[in-house]
Amino acid sequence: MSKARIIAFYLPQFHPIPENDEWWGKGFTEWTNVGKAKMLYPGHYQPRVPADLGYYDLRVPEVREQQADLAKEAGIEGFCYWHYWFGDGKELLDRPFKEVLSSKKPNYPFCLAWANHSWYAKTWNKDVRKDKLLIEQTYGDEQDYEKHFYSVLPAFKDKRYLMQDKKQIFMIYNPLANDDVRRFMEVWNKLAKKEGLEGIYWVGHCLNDSNNLERYKALGFDSVNVYSMVAYRQKLSLFRKGIQKIVRNIFNLPDISNFGEVVADLSGGTQDDPQVSPTILAGWDNTPRAGRNGGVLSGYTPEAFQRHAETVLAAMKNRTQDNGLVFLKSWNEWAEGNYIEPDLKYGKAYITALKNAIDLMEETR
């Protein structure tokens, strides 16, 4: 097998933008929901308080340097920044990455993932309908594809940009949302070669849809990042599902699942597929955003996380051909309880756990 290359998803929503000020109130960032989170049942780990980096602002260069240092300590090869292009030049949350690009700091590898989805009002604001459209994802025509390409070309040409097979890695969050995605990729590949690049290494993000994996492959993706938090439910008996629903309703609980059960089927049975880039899941608790309508993975500890990471990495060793890409979900999704940055309860324990899993894989290669 090739060496596993762990790349961590990176959320840039830790600085205010005018749009969020308008939708959610002046100064809104990801920390707004994190800070007001409540414990919803005995033993529920909320609120979560950041430790080493504090309630940081991603407009501060020193914060971005510290994040890179911690990620290196964890054995993570680079960050995969979520990239928001809504069509016709409209971008959001782009300042942190553009400053990383222009300043050349931190000197730490990166790639981009296009978060191609519309934004709707979320469950955390009871005064706004949940289905209210805030900003729509559009796709346009080939002219827009070209405009989009040239907006990210400076990143592609940066020496820090992550490559696979001599091509720039670029992920699409929801490949099936754009009916013309195959043409989109053809246009970008053509433009990449025109600009002196080998081409794009396409990664499709397959979220809770592993049963349709062949559809993603047929679109022409070099690799598919599979991530399914619902696959395990297919193995639950109707009786157990019924009991869970009754208990949740009686005690007014969020949807609570066991971390070990969920990650055992995180890849949806695709772990032996060399075209799949697996996911390492860093916990889940989105109740800071959704309250009792959210979901929680119980039993998530540094020890459980390390066992999960070891399992994912060990499964890759059995592949005869592999791109080595593994995606960590996530580096800093605090409002989803989906992060490995230090907090007051565990410190750097999750960073250490990931490094331990990587070291063990290296020792047994």
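Up top is the structure these notes are about.
Report follows, based on the coordinates. (Residues numbered from 1 in each chain as written. Predicted model: local features only at pLDDT ≥ 70, side-chain atom pairs only at ≥ 80, totals over all residues. Heavy atoms only, no water.)

Right, let's get into the packing of helix α11 (residues 302-316) against helix α12 (residues 349-363). Running from N to C, α11 and α12 point in directions that differ by 30°, and their axes come no closer than 9 Å. Considered as vectors, α11 and α12 are oriented roughly parallel to each other. Crossing geometry of α11 relative to α12 is assigned as right-handed. Listed contacts from α12 to Pro302, Phe305, Gln306, Ala309, Glu310 and Leu313 of α11 are Ala349, Tyr350, Ala353, Leu354, Asn356, Ala357, Ile358, Leu360 and Met361. Of the residues in the contact of α11 with α12, the class split is 12 nonpolar, 2 polar and 1 charged. (Axes fitted to C-alpha atoms, helices over the stretch in contact; angles between N-to-C directions. Helix = DSSP H or I, 4+ residues; strand = E, 2+ residues; numbered from the N terminus. Parallel < 35°, antiparallel > 145°, perpendicular 65-115°, else oblique. Left-handed = near helix turned anticlockwise from the far one by under 90°. Contact = heavy atoms within 4.5 Å. Nonpolar A, V, L, I, M, F, W, Y, C, P; charged D, E, K, R; others polar.)

Time to look at a nonpolar patch on the surface. A cluster of nonpolar side chains, namely Phe239, Ile243, Ile246, Val247, Ile250 and Phe251, defines an oily patch on the protein surface of about 630 Å² accessible area. Within the secondary structure, Ile243 is located in helix α8 (residues 238-251). (Patch = residues over 30% accessible without salt bridge, like charges linked within 9 Å, V, L, I, M, F, W, Y side chains within 5 Å. Areas by Shrake-Rupley, 256 points an atom, 1.4 Å probe, with all protein chains shown as cover. Salt bridge = Lys/Arg side-chain N within 4 Å of Asp/Glu carboxyl O.)

A cis geometry characterises the amide bond from Gln46 onward to Pro47, with omega recorded as -5°. By the element assignment, Pro47 lies in the loop between α2 (30-35) and α3 (61-74). Residue Pro106 is reached from Lys105 by a cis peptide bond, and omega for that bond is 0°. Tracing the sequence through the fold places Pro106 in the loop between α4 (95-103) and β4 (110-114). Positive phi outside glycine occurs at Asp88, with the angle close to 55°. Tracing the backbone through its elements, the reader meets Asp88 in the loop between β2 (78-87) and β3 (90-92). Unlike most non-glycine residues, Asp165 shows phi in positive territory, near 55°. With respect to the element layout, Asp165 can be found in the loop between β7 (163-164) and β8 (167-172). The class for Asp165 is exposed, based on a relative accessible area of 53%. (Buried < 20%, exposed > 50% of the residue type's maximum accessible area, 1.4 Å probe, protein only.)

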